[in-house]
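# Inside the fold
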Amino acid sequence: MAKENSNGANLGFESELWRAADALRSNMDAAEYKHVVLGLIFLKYISDAFEEQRAKLEADRAQGADPEDPDEYRAVNIFWVPKEARWSKLKSEAKQPTIGKVIDDAMLAIERDNPALKGVLPKDYAHPRLDKQRLGQLIDMVGNIGLGDKANRSKDILGRVYEYFLSQFASAEGKKGGQFYTPRCVVRVLVEMLAPYKGRVYDPCCGSGGMFVQSVEFVKAHATGNGNGGKTKADVSIFGQESNHTTWRLAKMNLAIRQIENNLGKEHADTFHRDLHPDLKADYIIANPPFNMSDWGGERLKDDKRWKYGIPPAGNANFAWVQHFIHHLAPTGLAGFVLANGSMSSNQSGEGEIRKNIIEADLVDCMVALPGQLFYSTQIPVCLWFLARDKKNGRFRDRRGQTLFIDARKLGSMIDRVHRELTDDDIRRIADTYHAWRGDKDCKVKYEDVPGFCKSATLDDIRHHNHILTPGRYVGAAEVEDDGEPFEEKMARLTTALREQTEKSDKLDQIIWANLEDIGYGG
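Residues numbered from 1 in each chain as written. Predicted model: local features only at pLDDT ≥ 70, side-chain atom pairs only at ≥ 80, totals over all residues. Heavy atoms only, no water.

### Considering the overall build of the protein
Where we set the bar: Secondary structure elements are taken from DSSP: a helix is a run of H or I of four residues or more, a strand is a run of E of two residues or more, and numbering for both begins at the N terminus. Throughout this description, buried means an accessible area under 20% of the type-specific maximum (1.4 Å probe, protein chains only), exposed means over 50%, and partly exposed covers the range between. Contacts are assigned to residue pairs that have any heavy atoms within 4.5 Å of one another. Method for areas: the Shrake-Rupley scheme with a 1.4 Å probe, in which residue coverage is limited to the protein chains shown. In this tally, Lys and Arg are treated as positive and Asp and Glu as negative; His is ignored, and so are the chain termini. Note that the charge is assigned to NZ on lysines, CZ on arginines, CG on aspartates and CD on glutamates.
What the protein contains, in helices and strands, is 17 helices and twelve strands. With the C-alpha coordinates aligned to their principal axes, the bounding extent of the protein is approximately 95 × 70 × 50 Å. Within the protein, the fraction of its 523 residues that count as buried is 51%. Restricting to contacts in the protein with at least 6 residues of sequence separation, those with at least 24 account for 72%. Surface accessibility of the protein: about 24,900 Å² in total, with carbon and sulfur atoms responsible for 50%. Averaging the positions of the 72 positive and the 77 negative side-chain charges in the protein gives two centres separated by 4 Å.

### Details of helix α11 (residues 245–257)
Here is the rule: In a helix, the anticipated span is given by 1.5 Å times the number of residues less one.
Helix length check: α11 (13 residues) gives 19 Å between terminal C-alpha atoms against 18 Å at 1.5 Å per residue, within 8%. Across the 13 residues of α11, eleven count as buried, placing the element largely inside the fold. Here α11 has its buried residues at Thr247, Trp248, Arg249, Leu250, Ala251, Lys252, Met253, Asn254, Leu255, Ala256 and Ile257. Gln259 sits one or two positions beyond α11 and adopts a positive phi of about 55°.

### Topic: the packing of aromatic side chains
Worth spelling out the cut-off: The criterion for an aromatic pair is that two Phe, Tyr or Trp rings (for Trp, the six-membered ring) have centres within 6.5 Å, with stacked assigned to planes under 30 degrees apart, edge-to-face to planes over 60 apart and tilted to the rest. Placement of a charge over a ring requires the Lys NZ or Arg CZ to be within 6 Å of the ring centre, with the centre-to-atom vector within 35 degrees of the ring normal.
With the rule as written, the count across this model stands at 20 aromatic pairs. Between the aromatic rings of Phe337 and Trp385, the centroid separation amounts to 6.0 Å while the plane-to-plane angle is 15°, which identifies the pairing as stacked. With Phe337 in strand β6 (residues 329–340) and Trp385 in strand β8 (residues 382–388), this residue pair connects regions lying 48 residues apart in the sequence. Relative accessible area serves as the criterion here: at 0%, Trp385 is assigned to the buried category. Following the ring pairs from residue to residue traces out a cluster consisting of Phe272, Trp296, Trp307, Phe319, Trp321, Phe325, Phe337 and Trp385. When the ring centre of Trp437 is taken as origin, the NZ or CZ atom of Arg397, which lies over that ring, is 5.1 Å away. Above the face of the Phe453 ring, Arg429 is positioned so that its terminal group lies 3.7 Å from the ring centre.

### A look at the sheet that holds strand β3 (residues 199–203)
What links the strands of a sheet is backbone hydrogen bonding, and the strands pair in either a parallel or an antiparallel sense. The cut-off we apply is this: Strand pairing requires that DSSP identify at least two bridges connecting the strands. Angles shown run from 0 to 180 degrees and are taken between the N-to-C directions of axes, each axis being a line fitted to C-alpha atoms and, for helices, limited to the stretch in contact.
The sheet built from eight strands is open, its strands ordered β4-β3-β5-β6-β8-β7-β9-β12 with mixed pairing. One side of each edge strand has no neighbouring strand; the edge strands of this open sheet are β4 (236–240) and β12 (454–458). Adjacent strand axes in the sheet meet at a mean angle of 15°, parallel and antiparallel pairs treated alike. As defined by bridge partners, β3 adjoins β4 across five bridges and the pair is classed as parallel. Note that in β4 the partner of Gly199 across the bridge is Val236. Across the sheet, helix α10 (residues 210–221) touches β3, β4 and β5 (282–287), and the angle it forms with β4 is around 175°. Seen against the sheet, helix α12 (residues 318–327) touches β3, β5, β6 and β8 and runs at an angle of roughly 160° to β6.

### So, the pairing of strand β9 (residues 402–407)
Among the six residues that make up β9, five are buried, leaving the element largely enclosed by the rest of the structure. Where strand β7 (residues 364–369) meets β9, four bridges bridge the pair, whose relative direction is parallel. Counted as the bridge partner of Ala369 is Asp407 from β9. Judged from the five bridges that link them, β9 and β12 form a sheet pairing that is antiparallel. Paired with Gln402 across the strands is Thr458, a residue of β12.

Interpretation note: all reported values are geometric properties and have no functional meaning in isolation.
In structure tokens:
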């Protein structure tokens, strides 16, 4: 039986598909092959949705329906697929040496007839380095999956396959994979804590759009309290930006697959130097900016209006990102984002002063220390920052002058030799702790400090720690459960055990020296 894991993937179906696709990769880099596979999956998805609607229109032809009228499809949010781009054509020519050009032409035709996809789809299939026989096999494989018809759309099969492949490619690419993919469990912690039910959601370094997908899924899942198969339209507006062109395209496809309307700008652009949403004030900001970015061109932005709390160092963009987020927060907005642990304690190049100013402005709502090995791209330990523009905004309790610290470093389970994942229970525990602390009206849990895990601290407490935000400093050590063994008895038992171990050690030493003497090295 297929096995669900907290990654959202249904292991069995997706993993088999991945193995089959990966076997066709040959000598191509994962970074390059990613666009070949994900582009075909996207094409299959819009073809399935198109064919289903086309069949309906054929059935209604007597009532005046026209299956070849693009507006009949656009009216129900389905991409119009021109004749030269239909899957049946690709399938019929899959074994021809010209299949690469056929696919490129199909992508061009779809972009031509669907302006929302202009510049988004990969068009590199005719390139000589792509083995056309393997490409034909890949088309056959993708063709056997039902991705975009109504039944599969309601289960978000394609979305799950797409995300599974994104995560697998991120793993295959190692460090570079972090540019486009944030592990699902980390995104879920951010989204579950912020609970973005309604409003403008903004990610200025959006990668492949995972924060948006999870935000919309969160709204849908909570629409009936139990999930509703994606029938409810999410009441959030999506704004994003991405500096890498190919990653920007992945994000556009990722959102199009889920029919999530978005404004990621007309093209990729650098957030610091060409802000595509300069007037945006967001209700929620969710982001995973590049860690410790050193070449962000900070020396050209010293007078920027975003640096209200201090000029960020030219050699590290961490506090440029933080101040960019604050600049774009609405008066009651909340931000949750990932940063390297150094951001909580660094005093280099003025970072300590900027952090102090942000703390003294009473913007820091919650800090979470995460366990290591969650990311494909880095082993650097990371933390989550949560900022609130106004801690007395009426939605939650008045928590001015207070900050919650959560030390989640001991949570999570290893899913393979080098990667850890937070379980559903871990995510629920962290989110419930935050919601109970800030006083969410629907939260059934009562907040209390837990030594070794969470602590509600005051501004004075943080001043006492020199404005360092590392949760371990505040939560203290976990209480050790009393095992009921009297102290005298325990000491006697442990002393006896130590004596026995020491005697064994002495005997082993004698044996080792005797053996060395036997071979002439014991003197």
